[in-house]
Amino acid sequence: TAPTSAYSSPARSLGDTGITPLSPSHIVNDTDSSVSEQQSFLVVVAVDFGTTSSGYAYSFTKEPECIHVMRRWEGGDPGVSNQKTPTTILLTPERKFHSFGYAARDFYHDLDPNEAKQWLYLEKFKMKLHTTGDLTMDTDLTAANGKKVKALEIFAYALQYFKEQALKELSDQAGSEFENSDVRWVITVPAIWKQPAKQFMRQAAYQAGLASPENSEQLIIALEPEAASIYCRKLRLHQMIELSGKAAVNGYSGSDTVGAGFTQAKEHIRRNRQSRTFLVENVIGEIWSELEEGDKYVVVDSGGGTVDLTVHQIRLPEGHLKELYKATGGPYGSLGVDYEFEKLLYKIFGEDFIEQFKIKRPAAWVDLMIAFESRKRAAAPDRTNPLNITLPFSFIDYYKKFRGHSVEHALRKSNVDFVKWSSQGMLRMSPDAMNALFKPTIDSIIEHLRDLFQKPEVSTVKFLFLVGGFAEAPLLQQAVQAAFGDQCRIIIPQDVGLTILKGAVLFGLDPAVIKVRRSPLTYGVGVLNRYVEGKHPPEKLLVKDGTRWCTDVFDKFISADQSVALGELVKRSYTPAKPSQLVIVINIYSSEHDNVSFITDPGVKKCGTLRLDLTGTSGTAVPARREIQTLMQFGDTEIKATAIDIATSKSVKVGIDFLNY
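Below is a short write-up of the structure. Remember, predicted model here, so these are calculated numbers, not experimental data. (Residues numbered from 1 in each chain as written. Predicted model: local features only at pLDDT ≥ 70, side-chain atom pairs only at ≥ 80, totals over all residues. Heavy atoms only, no water.)

Each helix and strand in the protein was counted, giving 17 helices and 33 strands. Counting across all 661 residues of the protein, residues that qualify as buried make up 54%. The contacts in the protein between residues at least 6 apart in sequence include a share of 71% that link residues at least 24 apart. Of the roughly 28400 Å² that the protein leaves accessible, carbon and sulfur atoms contribute 51%. (Helix = DSSP H or I, 4+ residues; strand = E, 2+ residues; numbered from the N terminus. Buried < 20%, exposed > 50% of the residue type's maximum accessible area, 1.4 Å probe, protein only. Contact = heavy atoms within 4.5 Å. Areas by Shrake-Rupley, 256 points an atom, 1.4 Å probe, with all protein chains shown as cover.)

In structure tokens form, the structure reads like this:
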């Protein structure tokens, strides 16, 4: 029978399939029994699917000390040199995949404006997974022309594109055909993403053919700050830049300003840019030789869309990492700066015009944002000369048609102080105006770090690693240094934008390096308990065959924020509420709160069902109190649940599912 309301009790809605705990409830941790047989892959390929840019890197399992970053992509931008490609995708008017990255952007840009309206162009769509509260397989994305497409399809297309590019490059390098089955894939996601978003990524990867539900261990979903953390452990001092300038680093004395150190370091990187292969020395880097057992450090991963903060602790001798504090952060990525620029344009030209321009001239809008991007990268604390942003001709032209007066007139009229019109057809921004665009985002990041540093577990942090694409921004570096430089050493890996990618490859080569995580949610199952007068609410009373039960009880497996070892098994034993039952249904629930009593409490969501068939046993063999063992295995970004009927050793397995309930 269908449940009548969202909160109807399982005992009523599922007929006689309830379970009750076998007392006493016991927990066993068999960490060893759960280590699965490693499959042998020839190569690990990590995909960093970023909000603004994406890329991949790989390493052959035979020579794990070499990490190769993908080939140079065709068509880079002036003023933006990097190994990654913009996360942009273009579909034909028939909604078939056309191109990705620079190719997608340039093709779209060259289309006739009337034709362009038919094509579906998407950028920065990854944020949708973070901002959608009720993500499902059917969540939509909106293309630049306002048309809707299924998010799952877009993510699958993008991953399929990376799969083809990587396999092609590997085949060219090896001189023989590389099969997908030779590859272990790693995809990185922000640690603060909710479980549904992580599962969504895995579904998209299955659809793209990177792995399959039957062969799920071919794909690892790695958390971005963890990947960064793994890479930072391998760093030698000459591979990083220390902001505090307290000690001589990279051979510069402390009297040098950060700026000078940076310039030289950048020079060093530029010289090494030609090489796409990075040697990761198989030692624990020098910085780690200063770290003792139990030392803590924070990884601040600031990218295009989100900022993730993770606190790790060293466990010697192997230098395994332990996550000390549940990942926090928020949507404070460099996109925030783009958004401020948009608000500035609203102020000068009017929101009505800008919104109209985006839809009517989508390719020119993309152009304008590209011009802004390269100037954004030129912003620095000590800059004195103005930054010029070229306005596309069609912007100037369309504005005149729309408003009946010139762009120049709008700027004079708008009393936005720091932005002027230059005779060459450019917006001229003073450094202060540019810095103001960064301020809200940087303030949010600093604020968030301040909160984190208040926590007792975090008070004794020795190092702060600044990683991710936005960490390249000198304004952010300076702000972090000013706020926290006296509390800990602040360190930036040199190729900061590729840190996560390389760490993800190392993670794929040795997934066991992360030993302990914090559970982001509380998990449990719905059970019946004997009804106790005065303790249980009367509306939960259910009388069955003369027995008084309390229904909807949430029997907790693990609490939010509890430490979970990788592969840890939590066991609970139950017995059918009614001895004659022929089927058992165990419903698994999750909640962001710690203290959950009933599955009807606000915020409790169903995320899995185990159906166990109890037929097929001769009546004599079944003990009076039949034991049903339920196991939940935590660890990887996925959670698996199993129920076993001890009498017959029948079992069922299910992956926790956040998208389909």
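On to the sheet that holds strand S26 (residues 547–558). Reading across from one edge, S25-S26-S24-S29-S30 is the order of the five strands in this open sheet, with antiparallel pairing throughout. Each edge of the sheet is formed by a strand with only one pairing partner; in this case those strands are strand S25 (541–544) and strand S30 (605–613). Geometrically, the sheet is characterised by an average inter-axis angle of 35° between neighbouring strands, direction not taken into account. Alignment of strand S29 (residues 583–591) against S30, held across eight bridges, turns out to be antiparallel. Directly across from isoleucine 584, in S30, lies its bridge partner leucine 612. (Pairing = 2+ DSSP bridges. Axes fitted to C-alpha atoms, helices over the stretch in contact; angles between N-to-C directions.)

It is worth spelling out unusual backbone geometry at this point. Phi at arginine 95 is positive, roughly 70°, even though this residue is not glycine. Structurally, arginine 95 is set in the loop between strand S6 (88–91) and strand S7 (97–100). Positive phi, normally seen in glycine, also occurs at aspartate 552, with a value near 65°. Summarising the element assignment, aspartate 552 is placed in strand S26.

Once that is clear, we can look at the packing of aromatic side chains. In this description, a pair of aromatic rings is defined by centroid distance and the angle of the planes. Per the counting criterion, the structure on display carries 27 aromatic pairs. A centroid spacing of 4.0 Å and a plane angle of 5° characterise the contact between phenylalanine 341 and phenylalanine 372, whose relative ring orientation is stacked. Pair noted here: phenylalanine 341 is in helix H10 (residues 335–349) and phenylalanine 372 is in helix H12 (residues 362–376), with a separation of 31 residues, a long-range link. Note on phenylalanine 341: relative accessible area 0%, which makes it buried. Assessed through its relative accessible area of 0%, phenylalanine 372 is described here as buried. Considering the side-chain rings of phenylalanine 353 and phenylalanine 395, the 5.2 Å spacing of their centres and the 85° angle between planes classify their relative orientation as edge-to-face. Of this pair, phenylalanine 353 sits in helix H11 (residues 351–360) while phenylalanine 395 is found in helix H13 (residues 393–403), placing the two residues 42 residues apart along the sequence. Accessibility assignment for this pair places phenylalanine 353 and phenylalanine 395 in one class, buried. Positioned above the aromatic ring of phenylalanine 598, the side-chain terminus of lysine 540 is 5.3 Å from the ring centre. (Phe/Tyr/Trp six-rings, centres within 6.5 Å; stacked < 30°, edge-to-face > 60°. Lys NZ or Arg CZ within 6 Å of the ring centre and 35° of its normal.)

Buried together is how nonpolar side chains tend to be arranged in soluble globular proteins. With 78 residues, the main nonpolar core has Val45, Phe155 and Leu159 as its most contacted residues. Per element, the largest residue contribution to this core is 13 residues, and it comes from helix H5 (residues 151–174). Residue assignment places this core across two domains, with domain 1 (43–222) and domain 2 (225–245 + 270–334 + 440–517) each supplying three or more. The residues contacting valine 45, other than those within four sequence positions of it, are Tyr56, Ala57, Tyr58, Ala166, Leu170, Val183, Arg184, Trp185 and Val186. In terms of nonpolar packing, the next biggest core, distinct from the first, is built from 60 residues, Leu387, Ile389, Leu449 and Ala483 among them. (Core = buried A, V, L, I, M, F, W, Y, C linked by side-chain atoms within 4.5 Å. Domains from an automatic or database assignment.)

This paragraph deals with the environment of tryptophan 193. In this structure, tryptophan 193 sits in the loop between strand S11 (183–189) and helix H6 (195–207). With a relative accessible area of 4%, tryptophan 193 lands in the buried category. A C-alpha to C-alpha distance of 9.5 Å links tryptophan 193 and aspartate 308, two positions 115 residues apart in sequence.

At their nearest, the axes of H5 and H6 sit 8 Å apart, and the two run at 60° to each other. Taken together, H5 and H6 sit at an angle that is classed as oblique. Crossing handedness for the pair H5 and H6: right-handed. Every residue of H6 that contacts H5 at Ala151, Leu152, Glu153, Phe155, Ala156 and Leu159 is listed here: Phe200, Met201, Gln203, Ala204, Ala205 and Gln207. By residue class, the composition of the contact of H5 with H6 is nine nonpolar, two polar and one charged. (Parallel < 35°, antiparallel > 145°, perpendicular 65-115°, else oblique. Left-handed = near helix turned anticlockwise from the far one by under 90°. Nonpolar A, V, L, I, M, F, W, Y, C, P; charged D, E, K, R; others polar.)

A side chain of one charge can pair with a side chain of the opposite charge when the charged atoms of the two come close. What the rule picks out here adds up to twelve salt bridges. Notably, a salt bridge pairs aspartate 352 with arginine 403, separated by 2.7 Å at the nearest N-O pair. With aspartate 352 in helix H11 and arginine 403 in helix H13, this residue pair connects regions lying 51 residues apart in the sequence. Between aspartate 552 and lysine 540 there is a salt bridge; the shortest N-O distance is 2.8 Å. Of the two residues, aspartate 552 sits in strand S26 while lysine 540 sits in the loop between strand S24 (522–530) and S25, which places them twelve residues apart along the sequence. Summarising the burial analysis for this pair, aspartate 552 and lysine 540 share the class buried. Because the salt bridges share partners, they merge into one network encompassing Glu342, Glu355 and Lys358. (Salt bridge = Lys/Arg side-chain N within 4 Å of Asp/Glu carboxyl O.)

The strand order across the open sheet built from three strands is S18-S20-S19, with neighbouring strands paired in antiparallel fashion. What marks the edges here is a single partner per strand, and that holds for strand S18 (387–390) and strand S19 (419–422). Between one strand axis and the next, the sheet turns through 30° on average, direction left out of account. Each of S18, S19 and strand S20 (426–429) is contacted by helix H15 (residues 431–454), which is oriented at about 85° to S20, the strand it contacts most.

Sheet faces and side chains relate simply in a regular strand, where the side chains alternate between the two faces. Among the nine residues in S29, eight count as buried, and that is most of the element. Relative to S29, S24 runs antiparallel, the two being bridged by four bridges. Along S29, the bridge assignment pairs valine 525 with isoleucine 588.

Right, let's get into the packing of H10 against H11. Between two packed helices, both the angle of their axes relative to each other and the distance between the axes serve to describe the pair. Close contact between H10 and H11 brings their axes to 7 Å; oriented N to C, the two are set at 120°. Overall, the two elements H10 and H11 adopt an arrangement that is oblique. Contacts between H10 and H11 involve Glu342, Leu345, Tyr346 and Phe349 from the former and Glu351, Asp352, Phe353, Ile354, Glu355 and Lys358 from the latter. Classifying every residue of the contact of H10 with H11 by side-chain character gives five nonpolar, no polar and five charged.

A separate point is H11. Three or four residues apart is the spacing at which side chains of an α-helix point the same way, because the helix has 3.6 residues per turn. For H11, every residue scored as buried is listed here: Phe353, Ile354, Phe357 and Lys358. The buried residues of H11 occupy one face: seen down the axis, they fall within an arc of 135°. If you follow the buried residues of H11, they end up packed against H10, H12 and H13. (Arc of directions from axis to C-beta.)

For isoleucine 584, the location among the structural elements is in strand S29. Separated by 61 residues in sequence, isoleucine 584 and aspartate 645 have C-alpha atoms that sit 9.9 Å apart. Here isoleucine 584 is in contact with Thr17, Ile19, Pro576, Leu610, Arg611, Leu612, Leu614 and Ile628, once residues within four sequence places are set aside.

Another aspect to go through is the side chain of arginine 572. Here arginine 572 is to be found in strand S28 (residues 569–576). Aspartate 555 is the oppositely charged side chain nearest to the buried, salt-bridge-free arginine 572, at an N-O distance of 4.1 Å. Engagement of the side chain of arginine 572 in a polar contact is seen with the backbone oxygen of lysine 556, the distance being 2.6 Å. (Lys, Arg positive; Asp, Glu negative; His and termini not counted. Polar contact = N/O pair within 3.5 Å; in protein donor to acceptor, adjacent residues only side chain to side chain.)

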